[in-house]
Amino acid sequence: MKAISVIGILSACLVGYTRAACGEAFAQCGGNNYDGEVCCVAGTECEYVNESYSQCNPVEDSSDDDKNEAIVDVDVTVENDEDSTEESDNENEKKPQLPKGTGIQYFEKCKNPKHWAMTYDDGPTEYADLMLDLFKKYDIKVTFFICGTCHINTKDPEFKRIIKRMYDEGHVIGNHTYNHLNLVDLTPDEIVNEMKLVEDPIYEIIGKRPAFVRLPFGSGASEEKVMNTLESLGYHAAINWNVDTMDWDNTGSIDYSNKVITEKLGQPLITLNHLAFDGVTKENIAALAEFEIQYILSQGYTPVTMDECLGIQAYQ
Ligand SMILES: [Zn+2]
């Protein structure tokens, strides 16, 4: 990637914006429709990623390991005895505060080439607890994109229990709509409804409104109607993936996942999985997840939730 001088963007966004500091490493610092800080903290510089995104990247030469968190150091210890460390009832509270997004943008990969965001769609389902136990065992935090009617309905008491457990255990909660319809086919009012019917119950449970959406079928990111409506609701990111396990279509085939992950090694990863799929069993959903975790960690990736993957807050 080549550095750009963000002159064009500068003029557009110096208006009335005074935040305390410039962007931290891996934070956004420019791009179409971006009106936040266009500068980066010392040791990082604003680099062009694509037309809608420029990012504060560490300056490469004088690298006396900048103290910017564990983003670069892979320290994924698979041993976990989190018992003695003072009962934290909510792991999410311990997360560093990231800047909010501006407008809504589309993403399909993380910023840091060594970051991996594992994502699960269509939950909650009856397999949620099994998977949460597994993530706890590996100390992996994932991002769940929640659907209102796919499996366990928002009105089911289990919905509340599972979402709360996900959140309390440090996972990120995003919106995957109520009825899992293609938003391209809906009116703006219908899109609002699809989002609110999931967002409101989530707010009642965790006290926060998601800023991330996963579009059903990954469809609609290029449609102004869809994106403008989502933006008007306060969403900051429409997030697809760059590794599709196709678990819904191949009974969670590990061979297939092995192939598609291997093809993308070296890039930042967002893997797409589902909390239930055709032919799912406790054994095959867990086996696929364990394969992904072990394989991707063995390649030196740091597992992150979507907020850290993108450098923006997960909630509005
Ligand atoms: Zn889905």
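Cut-off values and rules
- Residues numbered from 1 in each chain as written.
- Predicted model: local features only at pLDDT ≥ 70, side-chain atom pairs only at ≥ 80, totals over all residues.
- Helix = DSSP H or I, 4+ residues; strand = E, 2+ residues; numbered from the N terminus.
- Contact = placed C-beta atoms within 7 Å.
- Core = buried A, V, L, I, M, F, W, Y, C linked by C-beta atoms within 7 Å.
- Buried ≥ 20, exposed ≤ 12 C-beta atoms within 10 Å, placed from the backbone.
- Pairing = 2+ DSSP bridges.
- Axes fitted to C-alpha atoms, helices over the stretch in contact; angles between N-to-C directions.
- Parallel < 35°, antiparallel > 145°, perpendicular 65-115°, else oblique.
- Left-handed = near helix turned anticlockwise from the far one by under 90°.
- Arc of directions from axis to C-beta.
- Expected span 1.5 Å × (residues − 1).
- Nonpolar A, V, L, I, M, F, W, Y, C, P; charged D, E, K, R; others polar.
- pLDDT = per-residue confidence, 0-100.
- Right-handed = clockwise from strand over helix to strand, strands pointing away.

## Some words on the overall build of the chain
For the chain, the count of helices and strands is nine helices and twelve strands. Considering only residue pairs separated by 6 or more positions, the chain has 75% of its internal contacts joining residues 24 or more positions apart.

## Details of the nonpolar core
Judged by nonpolar contacts, the single largest core of 64 residues is most densely connected at Ala-117, Ile-146, Ile-163, Ile-173, Ala-237, Ala-238 and Met-306. Look past the residues within four positions of Ala-237 in its chain and what remains in contact with it is Gly-101, Ile-104, Gln-105, Phe-107, Ala-211, Phe-212, Leu-310 and Ile-312.

## Focus: the pairing of strand E11 (residues 269-274)
Taking burial as the measure, the six residues of E11 include six buried ones, the bulk of the element. Here E11 shows no split at all, with Leu-269, Thr-271 and Asn-273 on one side and Ile-270, Leu-272 and His-274 on the other all buried. The pairing of strand E10 (residues 243-244) with E11 spans two bridges and is parallel. Among the inter-strand pairings, Asp-244 is bridged to a residue of E11, identified as Leu-272.

## Structural notes on unusual backbone geometry
The amide bond that connects Gly-123 to the next residue, Pro-124, takes the cis arrangement and shows omega of 0°. One non-glycine residue with positive phi stands out, namely His-180, at about 55°. Take His-180: it is sitting in the loop between strand E7 (172-175) and helix H4 (188-206). A positive phi angle is found at Met-246, which is not glycine, with a value near 55°. Mapped onto the elements of the fold, Met-246 is located in the loop between E10 and helix H6 (247-250).

## Quick word on the packing of helix H7 (residues 254-264) against helix H8 (residues 282-298)
Interaxial distance between H7 and H8 falls to 10 Å at its minimum, and their mutual angle equals 30°. In terms of their interaxial angle, H7 and H8 are classed as roughly parallel. Seen from above, H7 lies across H8 with right-handed handedness. Contacts from Ile-254, Ser-257, Asn-258 and Ile-261 of H7 reach H8 at Ala-287, Leu-288, Phe-291, Glu-292, Tyr-295 and Ile-296.

## Regarding helix H2 (residues 128-138)
Those residues of H2 that sit buried are Ala-128, Met-131 and Phe-135. For H2, the angular spread of buried residues about the axis comes to 70°, placing them on one side. Across from the buried face of H2, at angles greater than 90 degrees, the exposed residues are Asp-133 and Lys-137. Next to the buried residues of H2 lie strand E5 (115-123), helix H3 (157-168) and H8.

## A closer look at H8
The terminal C-alpha atoms of H8, which comprises 17 residues, lie 24 Å apart, in line with the 24 Å expected from a rise of 1.5 Å per residue. Buried within H8 we find Ile-285, Leu-288, Ala-289, Glu-292, Ile-293 and Ile-296. With its buried residues spanning 125° around the axis, H8 presents them on a single face. More than 90 degrees from the buried face of H8, the exposed residues found are Lys-282, Glu-283, Gln-294 and Ser-298. In the core, the buried residues of H8 are packed alongside E5, H2, H6, H7 and E11. The first or second residue beyond H8 is Gly-300, which carries a positive phi of 85°.

## Structural notes on the environment of Asn-193
Here Asn-193 lies in helix H4. Look at Asn-193 and you get partly exposed, because 14 C-beta atoms sit within 10 Å. Through-space distance from the C-alpha of Asn-193 to that of Asn-179 is 9.8 Å; in sequence the pair is 14 residues apart.

## Looking at the packing of H4 against helix H5 (residues 224-232)
As a packed pair, H4 and H5 sit with axes 10 Å apart at the nearest point and diverge in direction by 50°. Between H4 and H5, the angle is such that the two are oblique. Considering how the two elements wind past one another, H4 and H5 form a crossing that is right-handed. Across the interface between the two elements, Pro-188, Ile-191 and Val-192 of H4 pack against Lys-225, Val-226 and Thr-229 of H5. Across the contact of H4 with H5, the residue classes tally to four nonpolar, one polar and one charged.

## Details of the confidence of the model for the chain
When pLDDT is averaged across the chain, the result is 84; 78% of the residues are at 70 or more. Low pLDDT (under 50) marks residues 1-20, which in the prediction has 24 contacts with non-local residues, meaning those over four places away or in another chain. When the criterion is pLDDT under 50, residues 61-86 qualifies, and its contacts beyond four places in sequence or with other chains add up to 21 contacts.

## Details of the pairing of strand E6 (residues 143-146)
The two faces of E6 match: Thr-143 and Phe-145 on one face and Phe-144 and Ile-146 on the other face are all buried. Here E5 runs beside E6; their pairing, made up of four bridges, is parallel. The residue of E6 that forms the bridge with Thr-119 is Thr-143. In this region the chain leaves E5, passes through H2 and returns to the parallel neighbour E6; the handedness of that crossover is right-handed. Note that E6 and E7 share four bridges and pair parallel. Considered in E7, the bridge of Thr-143 is made with Val-172.

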